[in-house]
Amino acid sequence: MNSNPKLKGQSALVTGASSGIGKAVAIALANEGVNVVVNCSSHPERGQEVVDEIKSSGGTAIVYQADVSKEDEVQAMFAAMYKAFGTIDILVNNAGLQKDSAFVDMTLADWQKVIDVNLTGQFLCAREAAREFLRRGIVAERSVALGKIICMSSVHDMIPWSGHVNYASSKGGVMLFMKSIAQELAPHKIRVNSISPGAIKTRINASEMETQEEIDKILTLIPYNRIGEPEDIGKLAVWLASDDSDYITGATIYIDGGMTLFPGFAGNG
Ligand code: BGC
């Protein structure tokens, strides 16, 4: 295990960590010696597999099933985390989903579900984490910051996305939610930042990448010419959680192989 003294002994909650980006972030943090709560909303057996993988590499983790959009479940999850690990140093607000449809056909239920999980879920978890950071105070041997919050956003917090209006609206909301709490919490030495991934190989977009033709179509949107791996995001999350990024707060970091560079304009539009 590659133990980084800068993160060793800290505790992190990663929401939506039973697969995809959340799983990679949970494993990357655990590899640095962080105690990790692997949250999942369904399929606790998949969360348990992530925990088993972490433990088999010598790390420490527990699984906790909770729906991040439900206040009582979120509060019970934080209580369980404090019982297991004592406190929280790092929150990774990762849980998110897509329920795609043409705008005119979008049901209120599909609009609401995506806003509830992707945006309200981030509010509920960040509020609990900030309350604990403020209650506990700085633990100088673990971090110079009082606490770190990482919000998983998307390139679609700035790229409009037809057919995915609920999702893009939720991520646009995450951007100003993140920046507003970053502004409010910075004087307390709580750092809040967003990671905004582009096309990363996970279940959320598996149906859009089934054939080579579909992959080639997505690659035309990515100047760097490769689909991202969940591990790309794990490495960035480790850095953003560590004191190496101590002067960064309120930032949105696009990790997208250049998707946000408007590649359609490369040949003068
Ligand atoms: C979405 C993916 C999509 C990517 C790039 C992500 O936020 O969840 O489905 O492939 O953005 O468009």
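Structure: above.
Below you will find a few notes about this structure. Just so we're clear, the structure is a prediction, and the values are computed from it rather than from any experiment.

## Points about the site of the ligand
Alright, step 1. Surrounding the ligand, one finds Gln 98, Ser 154, His 156, Trp 161, Tyr 167, Gly 198, Ala 199, Ile 204, Asn 205, Glu 208 and Met 259.
Alright, step 2. Within the side chain of Gln 98, an N or O atom sits 2.6 Å from an oxygen atom of the ligand.
Alright, step 3. Asn 205 places a polar side-chain atom, nitrogen or oxygen, 3.4 Å from an oxygen atom of the ligand.
Alright, step 4. Within the complex, the protein chains bury 91% of what would otherwise be the 310 Å² of accessible surface of the ligand.
Alright, step 5. Per-class residue counts for the shell around the ligand are 5 nonpolar, 5 polar and 1 charged.

## A look at empty space enclosed by the protein
Alright, step 1. Taken as a whole and assessed by the stated rule, the structure comprises 1 cavity of 30 Å³ or more.
Alright, step 2. Taken as a whole, the largest cavity spans an internal volume of roughly 40 Å³.
Alright, step 3. In this structure, the largest cavity is lined by Gln 10, Asp 89, Arg 136, Val 139, Arg 142, Ser 143, Ala 145, Leu 146, Gly 147 and Lys 148.
Alright, step 4. Residue classes in the lining of the largest cavity are distributed as 3 nonpolar, 3 polar and 4 charged.

## Observations concerning the side chain of Asp 67
Alright, step 1. With respect to the helices, strands and loops of the structure, Asp 67 is situated in the loop between β3 (61-65) and α3 (71-85).
Alright, step 2. Residue Asp 67 is classed as buried on the basis of its relative accessible area of 13%.
Alright, step 3. With sequence-adjacent residues up to four places away left out, Asp 67 is seen in contact with Ser 41, Glu 73, Val 74 and Lys 113.

## Observations regarding a nonpolar patch on the surface
Alright, step 1. Residues Met 158, Phe 262 and Phe 265 make up a contiguous nonpolar surface patch of about 350 Å² in total accessible area.
Alright, step 2. Here Phe 262 lies in the segment after β7 (252-255).
Alright, step 3. Since its relative accessible area comes to 52%, Phe 262 is described here as exposed.

## Considering the layout of surface pockets
Alright, step 1. What the second largest pocket holds in volume is close to 210 Å³.
Alright, step 2. Lining the second largest pocket, in full, are Gly 20, Lys 23, Ala 24, Ile 27, Ala 28, Asn 31, Glu 32, Pro 230, Glu 231, Gly 234, Lys 235 and Val 238.
Alright, step 3. For the lining of the second largest pocket, the secondary structure elements donating two or more residues are α1 (20-31) and α7 (230-241).
Alright, step 4. By residue number, the principal contributor to the lining of the second largest pocket is α1, which donates 6 residues.
Alright, step 5. For the lining of the second largest pocket, a count of residues per class yields 5 nonpolar, 3 polar and 4 charged.

## Section: the pairing of strand β1 (residues 11-14)
Alright, step 1. Residues Ser 11 and Leu 13 line one face of β1 and the alternating positions Ala 12 and Val 14 line the opposite face, and both faces are buried.
Alright, step 2. Note that β1 and strand β2 (residues 35-40) share 4 bridges and pair parallel. Looking across to β2, one finds that Leu 13 is bridged to Val 37.
Alright, step 3. Crossover connection from β1 via α1 to parallel β2: handedness right-handed.
Alright, step 4. The pairing of β1 with strand β4 (residues 90-93) spans 3 bridges and is parallel.

## What to know about the packing of aromatic side chains
Alright, step 1. Per the stated rule, a full pass over the model turns up 2 aromatic pairs.
Alright, step 2. Judged by centre distance (6.1 Å) and plane angle (65 degrees), the rings of Phe 78 and Tyr 82 are edge-to-face. Taken together, the residues span about one helical turn, with Phe 78 and Tyr 82 both in helix α3 at a distance of 4 residues.
Alright, step 3. By relative accessible area, Phe 78 is classed as buried at 1%.
Alright, step 4. For Tyr 82, a relative accessible area of 24% corresponds to the partly exposed category.
Alright, step 5. Seen in terms of ring centroids, Trp 161 and Tyr 167 are 5.7 Å apart; in terms of plane orientation they differ by 65 degrees. Their pairing is edge-to-face.
Alright, step 6. The class of Trp 161 is partly exposed, set by a relative accessible area of 21%.

Calculation criteria
Residues numbered from 1 in each chain as written. Predicted model: local features only at pLDDT ≥ 70, side-chain atom pairs only at ≥ 80, totals over all residues. Heavy atoms only, no water. Near = heavy atom within 4 Å. Polar contact = N/O pair within 3.5 Å; in protein donor to acceptor, adjacent residues only side chain to side chain. Areas by Shrake-Rupley, 256 points an atom, 1.4 Å probe, with all protein chains shown as cover. Nonpolar A, V, L, I, M, F, W, Y, C, P; charged D, E, K, R; others polar. 1 Å grid on protein atoms, 1.4 Å probe; cavity = no way out; pocket = protein on both sides within 12 Å on 5 of 7 lines; lining within 4 Å. Points joined across faces, edges and corners; volume = space filled by probe spheres on them. Helix = DSSP H or I, 4+ residues; strand = E, 2+ residues; numbered from the N terminus. Buried < 20%, exposed > 50% of the residue type's maximum accessible area, 1.4 Å probe, protein only. Contact = heavy atoms within 4.5 Å. Patch = residues over 30% accessible without salt bridge, like charges linked within 9 Å, V, L, I, M, F, W, Y side chains within 5 Å. Salt bridge = Lys/Arg side-chain N within 4 Å of Asp/Glu carboxyl O. Pairing = 2+ DSSP bridges. Right-handed = clockwise from strand over helix to strand, strands pointing away. Phe/Tyr/Trp six-rings, centres within 6.5 Å; stacked < 30°, edge-to-face > 60°.

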